[in-house]
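Listed here are the chains, written in short residue letters.
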Amino acid sequence: MTHPSGTRPAPGPGTAPVFTARERELLGHLAEGATDRAIAHRMALSPHTVDTYLRRLRHKTGTSNRIQLAIVAHTSLRLA
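Residues numbered from 1 in each chain as written. Predicted model: local features only at pLDDT ≥ 70, side-chain atom pairs only at ≥ 80, totals over all residues. Heavy atoms only, no water.

1. Describing the overall build of the chain
The helix and strand tally for the chain stands at four helices and zero strands. Along its sequence from the N terminus, the chain presents helices and strands in the succession α-α-α-α. Counting contacts in the chain only where the partners sit at least 6 residues apart, residues at least 24 apart contribute 53% of the total. Summed over all atoms, the accessible surface of the chain reaches about 5400 Å², with 57% contributed by carbon and sulfur. (Helix = DSSP H or I, 4+ residues; strand = E, 2+ residues; numbered from the N terminus. Contact = heavy atoms within 4.5 Å. Areas by Shrake-Rupley, 256 points an atom, 1.4 Å probe, with all protein chains shown as cover.)

2. Some thoughts on helix 1 (residues 21–31)
Looking at helix 1, one finds that the buried residues are E23, L26, L27, G28, H29, L30 and A31. Of the surrounding secondary structure, the elements contacted by the buried residues of helix 1 are helix 2 (36–43), helix 3 (47–61) and helix 4 (66–77). After helix 1 finishes, the residue G33 shows a positive phi value of roughly 95°. (Buried < 20%, exposed > 50% of the residue type's maximum accessible area, 1.4 Å probe, protein only.)

3. Some points on the packing of helix 1 against helix 3
With their axes 11 Å apart at the nearest point, helix 1 and helix 3 run at an angle of 95° to one another. In this view, helix 1 runs roughly perpendicular relative to helix 3, as classed from their interaxial angle. Seen from helix 1, the contacting residues are R22, E23, L26, L27 and L30; seen from helix 3, they are V50, Y53, L54, L57 and K60. Within the contact of helix 1 with helix 3, the residues separate by chemical class into seven nonpolar, no polar and three charged. (Axes fitted to C-alpha atoms, helices over the stretch in contact; angles between N-to-C directions. Parallel < 35°, antiparallel > 145°, perpendicular 65-115°, else oblique. Nonpolar A, V, L, I, M, F, W, Y, C, P; charged D, E, K, R; others polar.)

4. Let's talk about the confidence of the model for the chain
Looking at the chain as a whole, its pLDDT mean stands at 86, while 80% of the residues score no less than 70. The least confident element of the chain, judged by mean pLDDT, is helix 4 at 92; the most confident is helix 2 at 98. (pLDDT = per-residue confidence, 0-100.)

5. A short note on the pattern of salt bridges
Overall, the coordinates contain five salt bridges when judged by the stated rule. E23 is the partner of K60 in a salt bridge, and the nearest nitrogen-oxygen pair spans 2.7 Å. In this pair, K60 is assigned in helix 3 and E23 in helix 1, connecting sequence segments 37 residues apart. The exposure class of K60 is buried, given its relative accessible area of 15%. The shortest N-O distance in the salt bridge between E32 and R42 comes to 3.1 Å. Of this pair, E32 sits in the loop between helix 1 and helix 2 while R42 is found in helix 2, placing the two residues ten residues apart along the sequence. Relative accessible area serves as the criterion here: at 60%, E32 is assigned to the exposed category. (Salt bridge = Lys/Arg side-chain N within 4 Å of Asp/Glu carboxyl O.)

6. Structural notes on unusual backbone geometry
Here A44, not a glycine, exhibits a phi torsion of approximately 55°, which is positive. Tracing the backbone shows A44 in the loop between helix 2 and helix 3.

Given below as structure tokens:
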């Protein structure tokens, strides 16, 4: 179900979020330790857009900070 704002609610316990291709790409850069500015440059986005993606991903994953989101990225994307 989609929220009126166009975002999906955070998944319930035991439910893995589904990421778009762009979200997976951004999460990969985040997991590598890239800064917002570096991610923006690599993805041809503005830093503001990267910040928006990160806020939405934190909501989608139920995380509250960049470190937690990077851990989710490593787990979800199975990065070594």
